[in-house]
Amino acid sequence: MNMLLDLQKKILPDLVDVLGLRFRILRFIRLMQPIGRRTLANNLEMSERVLRSEVTFLKEQGLVEFATSGMTLTHEGHNLLGQLEVVMKEVFQTRTMEEELEKKLGVKDVHIVPGDSDEYSWVQKEMGRACVGLIKQKMSSKENIIAVTGGTSIAAVAEMLVPDSDLKETLFVPARGGLGEQVENQANTICATMARKAMGSYRLLHVPDQLSKESYESLINEPTVKEILQLIHSATMVIHGIGEAETMAKRRNSSEEMLKKIHEKKAVAEAFGYYFDQSGDIIHKVLTIGLQLEDLNDIPDIIAVAGGSSKADAIEAYMKQRPSQVLVTDEGAARAILT
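The model shown is predicted, which means the values in this text are computed figures rather than measured ones.

1. Details of the pairing of strand β1 (residues 64-67)
Look at any regular strand and the pattern is simple: side chains alternate between the two faces of the sheet. In this sheet, strand β2 (residues 70-73) lies alongside β1 in antiparallel orientation, the contact comprising 4 bridges. Among the inter-strand pairings, glutamate 65 is bridged to a residue of β2, identified as threonine 72. In this antiparallel pair of consecutive strands, β1 and β2, the connection spans 2 residues.

2. Details of the UniProt feature "domain: CggR N-terminal DNA binding" (unreviewed entry) in the protein chain
If you check UniProt for "domain: CggR N-terminal DNA binding" (unreviewed entry), the listed places come out as residues 18-88 in our numbering. As a span, residues 18-88 carries 70% helix and 11% strand, and end to end its C-alpha atoms are 12 Å apart.

3. Notes on the sheet that holds strand β10 (residues 274-277)
The 4 strands lie next to each other as β8-β9-β10-β11, forming an open sheet whose pairing is antiparallel. Single-partner strands in this sheet number two, and they are β8 (243-244) and β11 (282-285). As paired strands, β10 and β11 are joined by 3 bridges and run antiparallel to one another. Each residue of the ladder has a partner; that of tyrosine 275, found in β11, is histidine 284. On the sheet, helix α13 (residues 256-264) packs against β9 (267-271), β10 and β11 and is oriented at approximately 170° with respect to β11. The sheet strands contacting helix α14 (residues 312-319) are β8, β9 and β10, and the helix crosses β9 at an angle near 65°.

4. Details of the nonpolar core
In this structure, Ile25, Leu40, Ile135, Met194, Ile239, Ile303 and Val305 are the most contacted members of the largest nonpolar core, which totals 53 residues. Per element, the largest residue contribution to this core is 8 residues, and it comes from helix α2 (residues 13-32). Split by domain, the residues of this core number at least three in each of domain 1 (1-91) and domain 2 (93-338). The contact partners of leucine 40, leaving out residues within four places of it in the chain, are Ile25, Phe28, Ile29, Ile35, Leu51, Val55 and Met71. The next biggest cluster of nonpolar side chains, apart from the first, holds 43 residues, and it includes Val110, Ala235, Ile242 and Ala271.

5. Some points on helix α9 (residues 187-198)
If you check α9, its first and last C-alpha atoms are 16 Å apart, about what 12 residues at 1.5 Å a residue would give, namely 16 Å. All of the buried residues along α9 are Ala187, Asn188, Ile190, Cys191, Ala192, Thr193, Met194, Ala195 and Ala198. Next to the buried residues of α9 lie β4 (145-148), α8 (152-160), β5 (171-174) and β6 (201-202). A positive backbone phi angle near 65° is found at methionine 199, which sits one or two residues after α9.

6. Regarding the environment of alanine 235
Assignment of secondary structure puts alanine 235 in the loop between α11 (223-233) and β7 (237-241). The sequence separation of alanine 235 and phenylalanine 172 amounts to 63 residues, and the corresponding C-alpha distance is 8.9 Å. Not counting the four nearest positions on each side in its chain, alanine 235 is found in contact with Ile145, Ala147, Ile299 and Pro300.

7. A word on the packing of aromatic side chains
Under the defined criterion, the tally for this structure stands at 4 aromatic pairs. Relative to tryptophan 122, the ring of phenylalanine 28 lies with its centre 5.4 Å away and its plane at 80°, an arrangement referred to as edge-to-face. Pair noted here: phenylalanine 28 is in helix α2 and tryptophan 122 is in helix α7 (residues 122-138), with a separation of 94 residues, a long-range link. Under the relative-accessibility criterion, tryptophan 122 is labelled buried at 9%.

8. Some details on the domain arrangement of the protein chain
Often, the extent of an interface is quoted as the loss of accessible area on bringing the components together. Per the domain assignment, the segments of the protein chain are domain 1 (1-91) and domain 2 (93-338). Taken over C-alpha atoms, the centre of domain 1 sits 32 Å from the centre of domain 2. Both faces combined, the contact of domain 1 with domain 2 buries some 1,100 Å², and carbon together with sulfur accounts for 50% of it. Summed over the three residues of domain 1 that lose the most area to domain 2, namely Arg27, Leu31 and Lys89, the buried surface amounts to 54% of that side. Summed over the shared surface of domain 1 and domain 2, the result is 3 salt bridges. Here glutamate 85 and arginine 129 are joined by a salt bridge, their closest N and O atoms 2.4 Å apart. Linking domain 1 to domain 2 there are 2 residue pairs in polar contact (both at pLDDT 80 or more). The dominant element in the side of domain 1 that touches domain 2, judged by the number of residues it contributes, is α2, at 6 residues. In terms of residue class, the side of domain 1 that touches domain 2 is made up of 6 nonpolar, 1 polar and 6 charged.

Reading the values: rules and limits
Residues numbered from 1 in each chain as written. Predicted model: local features only at pLDDT ≥ 70, side-chain atom pairs only at ≥ 80, totals over all residues. Heavy atoms only, no water. Pairing = 2+ DSSP bridges. Helix = DSSP H or I, 4+ residues; strand = E, 2+ residues; numbered from the N terminus. UniProt positions renumbered as here; feature names shortened; annotations may be inferred. Contact = heavy atoms within 4.5 Å. Axes fitted to C-alpha atoms, helices over the stretch in contact; angles between N-to-C directions. Core = buried A, V, L, I, M, F, W, Y, C linked by side-chain atoms within 4.5 Å. Buried < 20%, exposed > 50% of the residue type's maximum accessible area, 1.4 Å probe, protein only. Domains from an automatic or database assignment. Expected span 1.5 Å × (residues − 1). Phe/Tyr/Trp six-rings, centres within 6.5 Å; stacked < 30°, edge-to-face > 60°. Buried area = accessible area lost by both parts, 1.4 Å probe. Salt bridge = Lys/Arg side-chain N within 4 Å of Asp/Glu carboxyl O. Polar contact = N/O pair within 3.5 Å; in protein donor to acceptor, adjacent residues only side chain to side chain. Nonpolar A, V, L, I, M, F, W, Y, C, P; charged D, E, K, R; others polar.

Quick look at the structure:
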């Protein structure tokens, strides 16, 4: 197939451009359906006239349906888009980038979605959809417990979940406490959303993200907290994000002393309450209730979801710890890491 693609690029370069354009249109309709033509044109940054011609062609091919509420993909459109995604990885050399990133970061499996989530918010939804596909692939036949952290990337994973018979018996739990953050980005909120969308069940952990030593000692001995912690440590899968150190510290309303320490020690990444410098060394740890880095060694499947060119340093620094076997990211972050 690579030879055929190379020939097409040389002899019919316009064909590859048209293929890429129609792929983007189909992918965006799938993400935002039902969607109107004007909204679609604005998000794809193209004229309504050009878009009208393209969606009319896609409708004639039986891939898109028009309705008063907006455009949606047909069943055939969904199937074709799934097949096209494999082809487009070759066209845009995404698979080559994935292999290079696996080698550079020492990660077993990397999945890159097109685009840069720093520029387009819908790219984050594409990462979420890719992660949902991986969750379903990695589900075991035994009882599954999925632990999730907070953050916008993991919220996007929750948003892309749909009812699935394979997930009905799954228990979703927060990987750690999170009161104090924005409600929509808290692990508890994301955990409950995932369970509702997947028709599974959930348990919540009602504790703050940062604790004093006295509060920590008191809370971990509470029977209800001990029970949920046992479930969290029994997780069969963890889905987590990777944050930029300074952004995460400010989001947690950290003290000026803490912010100064992060700045002086040049922390670039945060995950599970740990702050890392560019070398991947831990420079600070927040006292939290929930999963710790050492706990990840006993969990079969760990998926990190993070994208955007601005997060390249954070992703690379955290991955030097290599507790995650799978990374779902976007083209913006991948190119920044590789270059």
